[in-house]
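Chain by chain, the residues:
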Amino acid sequence: MTKIALVTGGTRGIGASISSNLKDSGYTVIANYASNDESAENFSKENNIEVMKWDVSNYEQTKSCISEIYNKYSSIDILINNAGITQDAPLHKMTVEKWNKVISVNLNSVFNVTSSVINKMRENGFGRIINISSVNGQKGQFGQTNYAATKSALIGFTKSLALESASKGITSNVICPGYINTEMVAAIREDILKSIIDTIPSKRLGEANEIAEMVSYLVSEKASYINGATFSVNGGLWMD
Ligand code: CAA
């Protein structure tokens, strides 16, 4: 039977590339999304991937949507926690709304979704969990105390989960993308983005498929002994 993969924020940006790459590798993919119906429908049609709308920052919604998935499919074997947003501002201008929103979507979501699938993975004796962090969780970034805090947190979450789950055939790893050619990065002010690219040794943005390829390897059988690891994919911007 084909393995079932759930990708949060899986219809746009890095998530869309991960979803389509996993599908091409033979997995059955469910791509979650939060709000943009039009791009989700287009993505679904173009890639023949099932999409499912819910807010991963909402615990009750997440529990209920994941039980719907379990009613339809016997298992969720692969979980890619990719959903994330930015609401950048230096701390002296950071509102509590921006702080809370980013913490909920980027970090609480990972608890909500992972805690909803972990018990069945443990029962099945197999699971692959990959959390999408960021170079800015490793090095910090001006204007991102909220975002960087969540992305660093994912590294600690991943390592702790790896310790708890290794004996049950579950691996938990984290990828830290650098600046990737997506709408999120395109939203950075042009002059600021140019100055960021100047600091990247590769002198270019990464492509979403360069993250998706790493994901596809980490979920494969070949990667069974890789657990609790952090992978930097950032053109040399930060070496950790
Ligand atoms: N280091 C030091 N000082 C900086 C700075 C930096 N990187 N960036 C700005 N400053 C200084 C400016 O020089 C300016 O100083 P003066 O007041 O003395 O002139 C001051 O800070 C204010 O700068 P801005 O005009 O930029 O401030 P702002 O409030 O208009 O904008 C900001 C703040 C929105 C955070 C803007 O700086 C910004 O967009 N920065 C980029 C943040 C970023 O990289 N986000 C990544 C988004 S993509 C992503 O997150 C994906 C991923 O995982 C990589």
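The structure contained in this document is the topic of the report that follows. Source: prediction; values computed, not measured.

Definitions and limits used
Residues numbered from 1 in each chain as written. Predicted model: local features only at pLDDT ≥ 70, side-chain atom pairs only at ≥ 80, totals over all residues. Heavy atoms only, no water. Salt bridge = Lys/Arg side-chain N within 4 Å of Asp/Glu carboxyl O. Helix = DSSP H or I, 4+ residues; strand = E, 2+ residues; numbered from the N terminus. Buried < 20%, exposed > 50% of the residue type's maximum accessible area, 1.4 Å probe, protein only. Pairing = 2+ DSSP bridges. Axes fitted to C-alpha atoms, helices over the stretch in contact; angles between N-to-C directions. Contact = heavy atoms within 4.5 Å. Parallel < 35°, antiparallel > 145°, perpendicular 65-115°, else oblique. Left-handed = near helix turned anticlockwise from the far one by under 90°. Nonpolar A, V, L, I, M, F, W, Y, C, P; charged D, E, K, R; others polar. Expected span 1.5 Å × (residues − 1). Near = heavy atom within 4 Å. Polar contact = N/O pair within 3.5 Å; in protein donor to acceptor, adjacent residues only side chain to side chain. Areas by Shrake-Rupley, 256 points an atom, 1.4 Å probe, with all protein chains shown as cover.

Here's the deal with the pattern of salt bridges
Working step 1: If you walk through the whole model with that rule in mind, you get seven salt bridges.
Working step 2: In this structure, Lys53 and Asp37 form a salt bridge, with 3.1 Å as the shortest nitrogen-oxygen distance. Taken as a pair, Lys53 in strand β3 (residues 50-53) and Asp37 in helix α2 (residues 37-47) lie far apart in primary sequence, 16 residues in all.
Working step 3: For Lys53, a relative accessible area of 42% gives the class partly exposed.
Working step 4: Here Lys194 makes a salt bridge to Asp198, at a shortest N to O gap of 3.5 Å. Taken together, the positions of Lys194 and Asp198, both in helix α8 (residues 190-198) and four residues apart, correspond to about one turn of that helix.

Topic: the sheet that holds strand β4 (residues 78-81)
Working step 1: With parallel pairing, seven strands are arranged side by side in an open sheet as β3-β2-β1-β4-β5-β6-β7. Unpaired on one side and paired on the other, β3 and β7 (230-233) mark the two borders of the sheet. Ignoring which end each strand starts from, the neighbouring axes of this sheet average 20 degrees apart.
Working step 2: Its contacts with the sheet put α2 on β2 (28-33) and β3, and the angle it makes with β3 is roughly 160 degrees.
Working step 3: Sitting on the sheet, helix α6 (residues 145-165) touches β5 (127-132), β6 (170-177) and β7, and the angle it makes with β6 is about 160 degrees.

Re the packing of helix α4 (residues 96-124) against α6
Working step 1: Contact geometry for α4 and α6: axes closest at 9 Å, N-to-C directions at 15 degrees. Classified by the angle their axes make, α4 and α6 are roughly parallel. As α4 runs across α6, the sense of the crossing is right-handed. Together, Lys98, Trp99, Val102, Ile103, Asn106, Leu107, Val110, Phe111, Thr114, Ile118 and Arg122 of α4 and Thr145, Asn146, Tyr147, Ala149, Thr150, Lys151, Ala153, Leu154, Phe157, Leu161, Glu164 and Ser165 of α6 make up the contact between the two elements.
Working step 2: Across the contact of α4 with α6, the residue classes break down as 13 nonpolar, six polar and four charged.

Observations concerning helix α1 (residues 13-24)
Working step 1: Along its 12 residues, α1 runs 17 Å from first to last C-alpha, staying within 8% of the 16 Å computed at 1.5 Å per residue.
Working step 2: Most of α1 sits inside the fold, with nine of its 12 residues counted as buried.
Working step 3: Gly26, located one to two residues past α1, shows a positive phi value of around 105 degrees.

Thoughts on the site of the ligand
Working step 1: Among the 19 residues in the neighbourhood of the ligand, the closest are listed as Asp88, Ser134, Gln141, Tyr147 and Tyr179.
Working step 2: Gln141 is positioned such that a nitrogen or oxygen atom in its side chain is 2.8 Å from an oxygen atom of the ligand.
Working step 3: Gln144 places a side-chain nitrogen or oxygen 2.9 Å from an oxygen atom of the ligand.
Working step 4: Protein burial of the ligand: of its 1100 Å² of free accessible surface, 57% is covered by the chains.
Working step 5: Those elements that provide at least two residues to the shell around the ligand are α7 (183-186) and α8.
Working step 6: For the shell around the ligand, the residue count by class is nine nonpolar, seven polar and three charged.

Treat this as a map of the structure, not an account of what it does.
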